[in-house]
Number of protein chains: 2
Amino acid sequence: MADFICSADRLKEFSAKVLCAHGLPLCDAETVAGGLVHANLRGVDSHGVARIPIYAERLRCGLVNSAPDIRVIKDSGAALVVDGDNGMGAVVTMHALELGLQRLERHGSVSIAIRNSNHYSAGSYYAARAVEQNVAMWLYSNAPPTMAPWGGAKRYLGTNPYTFAVPAGKYDPIILDMATSVVARGKIILAAERGQRIPAGWAVTLDGEPTTDAKAALAGSVLPFGGPKGYGIALMIEIVSGILSGAGFGPRIGDLYEDFSKPQNVGAFMQLSSIDAFMTIEEFNQRMEMLVGEIKACQPASGVDEILMPGELEARIARKRQREGIPLAQHTYEALQRLGESCGVPLADVAQPAQA
Amino acid sequence: MADFICSADRLKEFSAKVLCAHGLPLCDAETVAGGLVHANLRGVDSHGVARIPIYAERLRCGLVNSAPDIRVIKDSGAALVVDGDNGMGAVVTMHALELGLQRLERHGSVSIAIRNSNHYSAGSYYAARAVEQNVAMWLYSNAPPTMAPWGGAKRYLGTNPYTFAVPAGKYDPIILDMATSVVARGKIILAAERGQRIPAGWAVTLDGEPTTDAKAALAGSVLPFGGPKGYGIALMIEIVSGILSGAGFGPRIGDLYEDFSKPQNVGAFMQLSSIDAFMTIEEFNQRMEMLVGEIKACQPASGVDEILMPGELEARIARKRQREGIPLAQHTYEALQRLGESCGVPLADVAQPAQA
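The present account deals with the structure reproduced in this document. (Residues numbered from 1 in each chain as written. Chains lettered and ligands numbered in written order. Predicted model: local features only at pLDDT ≥ 70, side-chain atom pairs only at ≥ 80, totals over all residues. Heavy atoms only, no water.)

1. Quick look at helix α3 (residues 52–60) of chain A
All names here are of chain A. Every buried residue of α3 is accounted for by Ile 52, Ile 54, Tyr 55, Ala 56, Arg 58 and Leu 59. Close packing links the buried residues of α3 with α1 (8–21), α2 (26–41) and α11 (330–342). Within two residues after α3, Gly 62 carries a phi angle of roughly 75°, on the positive side. (Buried < 20%, exposed > 50% of the residue type's maximum accessible area, 1.4 Å probe, protein only. Helix = DSSP H or I, 4+ residues; strand = E, 2+ residues; numbered from the N terminus. Contact = heavy atoms within 4.5 Å.)

Right under this line is the structure:
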């Protein structure tokens, strides 16, 4: 799968330069590029630099505001509403997170609802920043409609991602970062691009029939994880990210790839709790080490080599890719190369063909 | 299934009297009885008055503190740690909720971690109180170990219930209240008591083998809903309810029915956000009515008559049972009758045989 390899640092630099060339200030371009490369490092290539061409295209069309005035429009101390002014999702979300982290000193916990934002790539980027500050984080976002409500045959909800993270002492932080569909739609997009079939149970066609055709699945609806219970979680996310925030919801949210008629108006909801508002970080880390140690020491089910915690596999991949470089598939390389050439940022200097 | 019928009010009165006779002050007995009857009203009989005999037994044995000194032991304004002093779960949880509701006026949002508590029955009881105050609520609790970690064959986590609720204008409030196992263990307990088999996919035996035998399932492990994603949610709940709160976690939590050697030390985590910290309740209700109306108007999947929202079916059952009475199965009636007789509170005055 790896046709080209490049270092995380150089890929981030390339990505930031390309986004800069499309109008983003350097610091914002670095925030966005940081999130995308963070996803690639963790092996979540569906949310990595493969998104740069569409991000650049929406910037070029003026569908995303490259110089947003991100403002707190309602402030109750430990509850904030942030208007992202149609800025890049990563810029708005990281801005809100930094505001929230400041609030924790005075309040211990804070909830932030975000409106007028855009696709923020993988939630683990923000989660990693929170846990590094010894903060527990929940982050939710809604998304363009791709999932039918439970019992329904027509798309209404997005794949509404759920992110939860806490530090875990000597272990990798717990980072649960998942779509509330059976799989992230990004994986179906990648499969469609590669002409691959998808497993049964991921999605249904426009008529509600099961399918393994990635393109038919993209036209139809993805299925929620865990039936009505997972659907309930996706609905919770739609309510707090879309309704309570004042953002778009349901079919009002434009598709990132296909709707060039209006801004996305994605919403998000973030809950931050400072660990030391509950107990010392030393005590928390010690207790987390007991929990993780005990779980990993459980007798594995038959056929399982090792019990992994949420985010552990991704952290291992990140260490490997930090060391050995990030693999890029040929079609991603080519798309980035074309885009780089169009704005004078050569990719050839950054990515080398992988050795067979 | 309905062998006896009784009015909700009279069943609540009976339940409170029985709990009083086991040492609870009247107001606390009413809080506990209110929660149990609330569950019965909503059709969640597994979490209703069928729990009174075990609650009474634990009170009688001194395993639950009938006069707890429930205290805030750490206070950061919008983040509190509450020590339940081994009080009844409903008493501790409702106390924490009322504290939290007061805090919302000053902070907009508040997070409360609870330690040294006990089984609180169904989360919907507290959720109903929150939504009536125009507050969005998340409530989590850990529970005695009955679920293996993902990839493991040995019980470690509980069925860790997840509750989320918001008002929904003219519609019934959204109340998502669910175990993070495929089904609540209470349903397996009821099946075992009734000698019924359980569906495949609910649980595995002590050796990790699939089973439909309810008793073997109770001895083995329940399965999380939605595979590794649902397990991730159950783990999140264990971390914030069990680790961050300072409560018991994993195998340290005693089984409600079987462990008479120590208090349970169940933990919980509650997140409250005042709707009006985000937008006016009028605007929120209007937006919720759009969301719910649009979802319910979706084309139903084949074989589905009507699209229901989380909590809608339960609210309908509650209206019916409020009107027509709560049905009690014979074995529940007999257990309550014996218990009532032992403390001079006759059930025969309350429950009438159902008409065939």
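2. Let's talk about the interface of chain B and chain A
If you look at the interface, chain B gives 76 residues, while chain A gives 76 residues. When the two sides are added together, the surface that chain B and chain A hide from each other amounts to roughly 6,000 Å², 70% of it contributed by carbon and sulfur. On the chain B side of the contact with chain A, B:Lys229, B:Leu244 and B:Phe278 bury the most area, a combined 13% of that side's loss. Linking chain B with chain A are 2 salt bridges. Put simply, B:Glu294 and A:Arg252 hold a salt bridge, and the shortest N to O gap is 2.4 Å. Applying the counting rule to chain B against chain A returns 32 residue pairs in polar contact (both at pLDDT 80 or more). Of the residues that constitute the side of chain B that touches chain A, the class distribution is 49 nonpolar, 18 polar and 9 charged. (Buried area = accessible area lost by both parts, 1.4 Å probe. Salt bridge = Lys/Arg side-chain N within 4 Å of Asp/Glu carboxyl O. Polar contact = N/O pair within 3.5 Å; in protein donor to acceptor, adjacent residues only side chain to side chain. Nonpolar A, V, L, I, M, F, W, Y, C, P; charged D, E, K, R; others polar.)

3. Examining the relation of the copies chain B and chain A
Least-squares fitting of chain B to chain A yields an RMSD of 0.0 Å, with the superposition described by an axial translation of 0.0 Å and a rotation of 180°. Such values leave the two copies arranged in the relation of a two-fold axis. Relative to the rotation axis, the C-alpha of B:Gly226 is the closest in chain B, positioned 1.8 Å from it. (Least-squares fit on C-alpha atoms with pLDDT ≥ 70 in both.)

4. Points about the packing of aromatic side chains
Given two aromatic rings, one states the distance between the centres and the angle between the planes to describe the pair. Applying the stated criterion to the full structure yields 15 aromatic pairs over all chains. Ring geometry for A:Phe269 against B:Phe278: centres 5.9 Å apart, planes inclined by 45°, an arrangement best described as tilted. With A:Phe269 in strand β10 (residues 266–274) and B:Phe278 in the loop between β10 (266–274) and α9 (281–296), the pair connects residues from two separate chains. For B:Phe278, a relative accessible area of 2% gives the class buried. Grouped by ring-pair contacts, the aromatic residues A:Trp138, A:Phe164, A:Phe278 and B:Phe269 constitute a single cluster. Over the aromatic face of A:Phe249 sits the side chain of A:Arg252, whose NZ or CZ is 4.1 Å from the ring centroid. (Phe/Tyr/Trp six-rings, centres within 6.5 Å; stacked < 30°, edge-to-face > 60°. Lys NZ or Arg CZ within 6 Å of the ring centre and 35° of its normal.)

5. Re the sheet that holds strand β3 (residues 79–83) of chain A
All names here are of chain A. One open sheet accounts for 7 strands, arranged β2-β3-β4-β10-β5-β6-β7; its pairing is mixed. The open sheet is flanked by β2 (71–75) and β7 (174–178), the only strands paired with a single partner. On average, each strand axis in the sheet is tilted by 15° relative to the strand beside it, whichever way the strands run. Where β3 meets strand β4 (residues 109–117), 5 bridges bridge the pair, whose relative direction is parallel. By the bridge assignment, Asp 83 is partnered in β4 with Arg 115. (Pairing = 2+ DSSP bridges. Axes fitted to C-alpha atoms, helices over the stretch in contact; angles between N-to-C directions.)

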